[in-house]
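Examining the three-dimensional arrangement
The residues making up each chain are set out below.
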Amino acid sequence: MDDDADFPTDADADQFRIETRSIHAGQEPDEETGALMTPIHANSTYEQDAPGEHRGYEYSRTGNPTRSDLEANLASLENAEYGRAFASGMASINTVLNLLDSGDHVVTGNDVYGGTHRIFTQVYENYDIEFTFVDMTDLDAIDAAFQENTELLWLETPTNPLMSIVDIAGAADIAHDHDALCAIDNTFATPYLQQPLDLGADIVSHSLTKYLGGHSDVVGGALLTNDEELDERFGFYQNAVGATPGPFESFLVLRGTKTLPVRMDRHCENARAIAEWLDDHPAVDRVYFPGLESHPGHEIASEQMADFGGMLSFELDASLEEASEVVSNTEVFTLAESLGGVESLIEQPAPMTHATIPREERIDAGLTDGLVRVSVGIEHVDDLINDLEQAIDGALE
Ligand SMILES: Cc1ncc(COP(=O)(O)O)c(C=O)c1O
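Residues numbered from 1 in each chain as written. Predicted model: local features only at pLDDT ≥ 70, side-chain atom pairs only at ≥ 80, totals over all residues. Heavy atoms only, no water.

Within an unreviewed UniProt entry, the label attached to the protein chain reads Cystathionine gamma-lyase, and the organism entered is Natrialba chahannaoensis JCM 10990. Regarding the protein chain, the UniProt comment filed under Sequence similarities (unreviewed entry) reads as follows: "Belongs to the trans-sulfuration enzymes family." UniProt annotates the protein chain under Cofactor (unreviewed entry) with the comment "pyridoxal 5'-phosphate". (UniProt positions renumbered as here; feature names shortened; annotations may be inferred.)

What follows is the structure, encoded as structure tokens:
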């Protein structure tokens, strides 16, 4: 590598693959000490050389060197020109919504993350912003939902917990035909598996809390874009609203992204093996995993994703109580919400992540009482399968 290169935030970065960029992008050894790792700049304010003359940083809500390295690293991973980090995934979603004005309309999915649904309907509807929730796997339904005042198409793919796959390029084209922005929450796939800006999206949003952090020890968010004007507005909201991550959080995510490719390879490999095993299990009615050919989104996922991810759900032929017993029986899988860490997690959407949805509505949406969701970790796959086997057999025998 050329020592003088501003690696890899300059144009030459294109020559490096994501496995290399995840480790190096945005980070240079410290000039003074040679320290390899970006320091945790625990610092709120910065000396100015003259009034109004600073060296790039004046106050840490506005900008912090540890955060800057993280932002450059994340931008590189998403093939984006610009990146902005936030205090949580919700803070980054909120920042995209800050772009809207009263009277605007948003088209979005009927199975977006519950917190996203909550901020749409319980915060932004109060400011006279209107939302239409549609089945995002149906491009005609997306198109039909647009109105004169639609400014934003917001989508997730794969979705939670049924792992529905949305055709990103098709959806982005529709948004642009209507002069609207297309924003994608890429938390489930990660930039290692899916790069929505390359497929036509305008904005990528992340909960860094999940795979990018990767170790269940940090909460964070990010927005990536190739549009300078949008990036400037995101920077304005970082400073004006103040939902930015501290240097320690930024450091933890930077450490996490270094191993993103190797972790994701193992997540994907384990998830595929578990999905196939569950698919053959007599107590399992259905497996939701885009890597299975039987999954309705398999073909699109094969085209737009490098692999199928570490998340899957399965429907047990069981009552709510029996399924609760299964998820309580596991020893390696931890009963917990969230996802994307190195450890495997198991949860039952009906009484946990999706408990706020009325039962009938929930079942109509395919979220049955016996549905179980797992975030497949990077433990040995045999231990994971054995654990699921004893948990299912113990509860349903
Ligand atoms: C897809 C998705 N987007 C956004 C969020 C919100 O992120 P955070 O918890 O970091 O605020 C979550 C959290 O579970 C999520 O699953």
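Once that is clear, we can look at the site of the ligand. Taken together, Ser88, Gly89, Met90, Ile93, Tyr113, Asp185, Thr187, Phe188, Ser207, Thr209, Lys210 and Gly220 are the residues near the ligand. In the environment of the ligand, an oxygen atom lies 2.9 Å from a nitrogen or oxygen atom belonging to the backbone of Gly89. Within the side chain of Lys210, one N or O atom sits 2.7 Å away from an oxygen atom of the ligand. Computed on the free molecule, the ligand has an accessible area of 390 Å², of which 88% lies beneath the protein chains in the complex. Residues that form the shell around the ligand fall into these classes: 4 nonpolar, 6 polar and 2 charged. (Near = heavy atom within 4 Å. Polar contact = N/O pair within 3.5 Å; in protein donor to acceptor, adjacent residues only side chain to side chain. Areas by Shrake-Rupley, 256 points an atom, 1.4 Å probe, with all protein chains shown as cover. Nonpolar A, V, L, I, M, F, W, Y, C, P; charged D, E, K, R; others polar.)

Another aspect to go through is the packing of aromatic side chains. Applying the stated criterion across every chain yields a total of 8 aromatic pairs. An angle of 35° between the planes, with centres 5.6 Å apart, marks the rings of Tyr46 and Tyr57 as tilted. Taken together, the residues span a long stretch of sequence, with Tyr46 in the loop between helix H1 (18-24) and helix H2 (65-77) and Tyr57 in the loop between H1 and H2 at a distance of 11 residues. Looking at Tyr57, the relative accessible area reads 23%, which means it is partly exposed. Centre to centre, the rings of Phe120 and Trp154 are 6.4 Å apart; their planes meet at 90°, and the pair counts as edge-to-face. One end of the pair, Phe120, is in helix H4 (residues 114-122); the other, Trp154, is in strand E4 (residues 150-156), and 34 residues separate them in sequence. Each member of the pair, Phe120 as well as Trp154, carries the same accessibility label: buried. (Phe/Tyr/Trp six-rings, centres within 6.5 Å; stacked < 30°, edge-to-face > 60°. Helix = DSSP H or I, 4+ residues; strand = E, 2+ residues; numbered from the N terminus. Buried < 20%, exposed > 50% of the residue type's maximum accessible area, 1.4 Å probe, protein only.)

Take a negative patch on the surface next. A cluster of acidic side chains, namely Asp101, Asp135, Asp138, Asp140, Asp143, Glu151, Asp173, Asp177 and Asp179, defines a negative patch on the protein surface. Structurally, Glu151 is set in strand E4. Glu151 sits in the partly exposed class, given a relative accessible area of 33%. (Patch = residues over 30% accessible without salt bridge, like charges linked within 9 Å, V, L, I, M, F, W, Y side chains within 5 Å. Salt bridge = Lys/Arg side-chain N within 4 Å of Asp/Glu carboxyl O. Lys, Arg positive; Asp, Glu negative; His and termini not counted. Charge placed at Lys NZ, Arg CZ, Asp CG, Glu CD.)

Let us now look at helix H6 (residues 168-177). All of the buried residues along H6 are Ile168, Gly170, Ala171, Ala172, Ile174 and Ala175. Two to three positions downstream of the cap, the backbone nitrogen of Ala169 sits 3.3 Å from a side-chain oxygen, assigning the N-cap of H6 to Asp167. Of the residues flanking the end of H6, it is Asp179, one or two places downstream, whose phi is positive at about 55°.

A separate point is the nonpolar core. Buried together is how nonpolar side chains tend to be arranged in soluble globular proteins. The biggest cluster of nonpolar side chains holds 66 residues, and the ones touching the most others in it are Ile274, Leu278, Leu312, Phe314 and Leu316. In terms of residues, this core owes the most to one element, helix H10 (residues 260-279), which gives 8 residues. Here this core gathers at least three residues from each of two domains, domain 1 (18-258) and domain 2 (260-396). The residues contacting Ile274, other than those within four sequence positions of it, are Leu312, Phe333, Val376, Val381, Leu384, Ile385 and Leu388. Membership of the second largest hydrophobic core comes to 22 residues, among which are Ala91, Leu100, Val106 and Tyr124. (Core = buried A, V, L, I, M, F, W, Y, C linked by side-chain atoms within 4.5 Å. Domains from an automatic or database assignment. Contact = heavy atoms within 4.5 Å.)

Below, the discussion takes up the sheet that holds strand E11 (residues 345-347). Backbone-to-backbone hydrogen bonds join strands into a sheet, with any given pair of strands oriented parallel or antiparallel. If you walk across this open sheet you meet the 5 strands as E8-E9-E12-E11-E10, and the pairing is mixed. Here the strands that pair on one side only, and so sit at the sheet edges, are strand E8 (284-288) and strand E10 (334-335). Where E8 lies against strand E9 (residues 311-316), 4 bridges are found, and the strand directions are antiparallel. When the bridges of E9 are listed, Val284 appears paired with Leu316. Strand contacts of H10: E8 and E9, with the helix running at about 10° to E9, the strand carrying the most contacts. (Pairing = 2+ DSSP bridges. Axes fitted to C-alpha atoms, helices over the stretch in contact; angles between N-to-C directions.)

Our next topic: helix H9 (residues 247-258). Taking 1.5 Å of rise per residue, 12 residues should cover 16 Å, and H9 covers 17 Å from first to last C-alpha, within 8% of that figure. Within H9, the full set of buried residues consists of Ser250, Phe251, Leu252, Val253, Leu254, Gly256, Thr257 and Lys258. Tucked inside the fold, the buried residues of H9 contact H1, H2 and H10. (Expected span 1.5 Å × (residues − 1).)

A word on the packing of helix H3 (residues 89-97) against H4. The N-to-C vectors of H3 and H4 enclose an angle of 35°; their axes lie 11 Å apart at closest approach. H4 is crossed by H3, and the crossing has right-handed handedness. For the pair formed by H3 and H4, the contact residues are Met90, Ile93, Asn94 and Leu97 on the first element and Gly115, Thr116, Ile119 and Phe120 on the second. (Left-handed = near helix turned anticlockwise from the far one by under 90°.)

A word on the pattern of salt bridges. Under the criterion given, the structure shown has 8 salt bridges. When the shortest N-O distance is used, the salt bridge between Arg373 and Glu347 registers 3.5 Å. Placement of the pair is Arg373 in strand E12 (residues 371-375) and Glu347 in strand E11, with a sequence separation of 26 residues. In this structure Arg373 comes out as buried when scored by relative accessible area, which is 3%. Between Asp369 and Arg362 there is a salt bridge, with its nearest N and O atoms 3.2 Å apart. Linked through salt bridges whose partners overlap, the residues forming this network are Glu47, Asp49 and Arg55.

Note that the residue after Thr157, namely Pro158, is joined by a cis bond; omega there is -5°. By the element assignment, Pro158 lies in the loop between E4 and H6. A cis amide bond, omega 0°, links Asn160 with the succeeding residue Pro161. In this fold, Pro161 is placed in the loop between E4 and H6. Within the chain, Asp128 stands out as a residue other than glycine whose phi angle is a positive 65°. Note that Asp128 resides in the loop between H4 and strand E3 (130-134). By relative accessible area, Asp128 is classed as exposed at 53%. In this structure, Thr190 takes a positive phi of about 70° despite not being glycine. On the secondary structure map, Thr190 appears in helix H7 (residues 190-193).

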